[in-house]
Amino acid sequence: LMKKAPGAKTQVQVTALYKEAIDRFNQAIILRPATSRYFHVRGNCWRNLSEYKRALFDYTMAIQIDDNKPEYYGFRGICFRYMGKLEDSINDFMRAIHLDPGN
């Protein structure tokens, strides 16, 4: 039986933290809806909870606000991949590479 590391969180605790972060980003988006980073980070929370449709929505909103961030396309491409939308995934990965060829 493995012991849990001191301070380590259970999956239930991690899920609760992501949901709390989502609630806070919901409030931030109400106050500043044109801030692409808020949608991006909330999308990351949804993605980490395996809520790919919700993450996809947020990444798409982030891209609509600022379409020059390769990470937005990269993370949306990951969601498309998990959803089985390979062509869309490849297109987003190619766009991310185009925006940041050195990465």
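Quick summary incoming for the structure in this document. (Residues numbered from 1 in each chain as written. Predicted model: local features only at pLDDT ≥ 70, side-chain atom pairs only at ≥ 80, totals over all residues. Heavy atoms only, no water.)

### Let's talk about the overall build of the protein
- Counting its regular elements, the protein contains 5 helices and 0 strands.
- Projected onto the principal axes, the alpha-carbon positions of the protein cover approximately 45 × 35 × 25 Å.
- Looking at the protein as a whole, 31% of its 103 residues qualify as buried.
- Within the protein, counting contacts between residues at least 6 apart in sequence, those at least 24 apart form 41% of the total.
- A total accessible area of about 7,100 Å² is found for the protein, and carbon and sulfur atoms account for 56% of it.
- If you average the places of the 16 positive and of the 11 negative side-chain charges in the protein, the two averages end up 9 Å apart. (Helix = DSSP H or I, 4+ residues; strand = E, 2+ residues; numbered from the N terminus. Buried < 20%, exposed > 50% of the residue type's maximum accessible area, 1.4 Å probe, protein only. Contact = heavy atoms within 4.5 Å. Areas by Shrake-Rupley, 256 points an atom, 1.4 Å probe, with all protein chains shown as cover. Lys, Arg positive; Asp, Glu negative; His and termini not counted. Charge placed at Lys NZ, Arg CZ, Asp CG, Glu CD.)

### Side note on the packing of helix α2 (residues 36-48) against helix α3 (residues 52-65)
- The geometry of α2 relative to α3 is characterised by a closest axis approach of 8 Å and an angle of 165° between their N-to-C directions. In terms of their interaxial angle, α2 and α3 are classed as roughly antiparallel. Pair α2 / α3 crosses with left-handed handedness. Between α2 and α3, the contacting residues are Ser 36, Phe 39, His 40, Arg 42, Gly 43, Asn 44, Trp 46 and Arg 47 on the first element and Tyr 52, Arg 54, Ala 55, Phe 57, Asp 58, Tyr 59, Met 61, Ala 62 and Ile 65 on the second.
- For the contact of α2 with α3, the class distribution of residues is 9 nonpolar, 4 polar and 4 charged. (Axes fitted to C-alpha atoms, helices over the stretch in contact; angles between N-to-C directions. Parallel < 35°, antiparallel > 145°, perpendicular 65-115°, else oblique. Left-handed = near helix turned anticlockwise from the far one by under 90°. Nonpolar A, V, L, I, M, F, W, Y, C, P; charged D, E, K, R; others polar.)

### Observations concerning the nonpolar core
- Formed by Ile 22, Cys 45, Trp 46, Leu 49, Tyr 52, Ala 55, Leu 56, Tyr 59, Cys 79 and Phe 80, the largest nonpolar core amounts to 10 residues.
- Elements that contribute at least two residues to this core include exactly α2, α3 and α4 (70-82).
- When residues of this core are assigned to their parent elements, the largest contribution, 4 residues, is made by α3.
- Those residues within four positions of Trp 46 in sequence are excluded, and the remaining contacts are Ile 22, Glu 51, Arg 54, Ala 55 and Asp 58. (Core = buried A, V, L, I, M, F, W, Y, C linked by side-chain atoms within 4.5 Å.)

### Let's talk about unusual backbone geometry
- A positive phi angle, close to 65°, is found at Ser 50, a residue other than glycine.
- Within the element layout of this structure, Ser 50 appears in the loop between α2 and α3.

### Considering the environment of Val 12
- For Val 12, the location among the structural elements is in helix α1 (residues 11-31).
- By relative accessible area, which is 67% here, Val 12 ends up exposed.
- Between the C-alpha atom of Val 12 and that of Lys 85, which follows or precedes it by 73 residues, the distance is 29 Å.

Any functional reading would require information that these geometric values do not contain.
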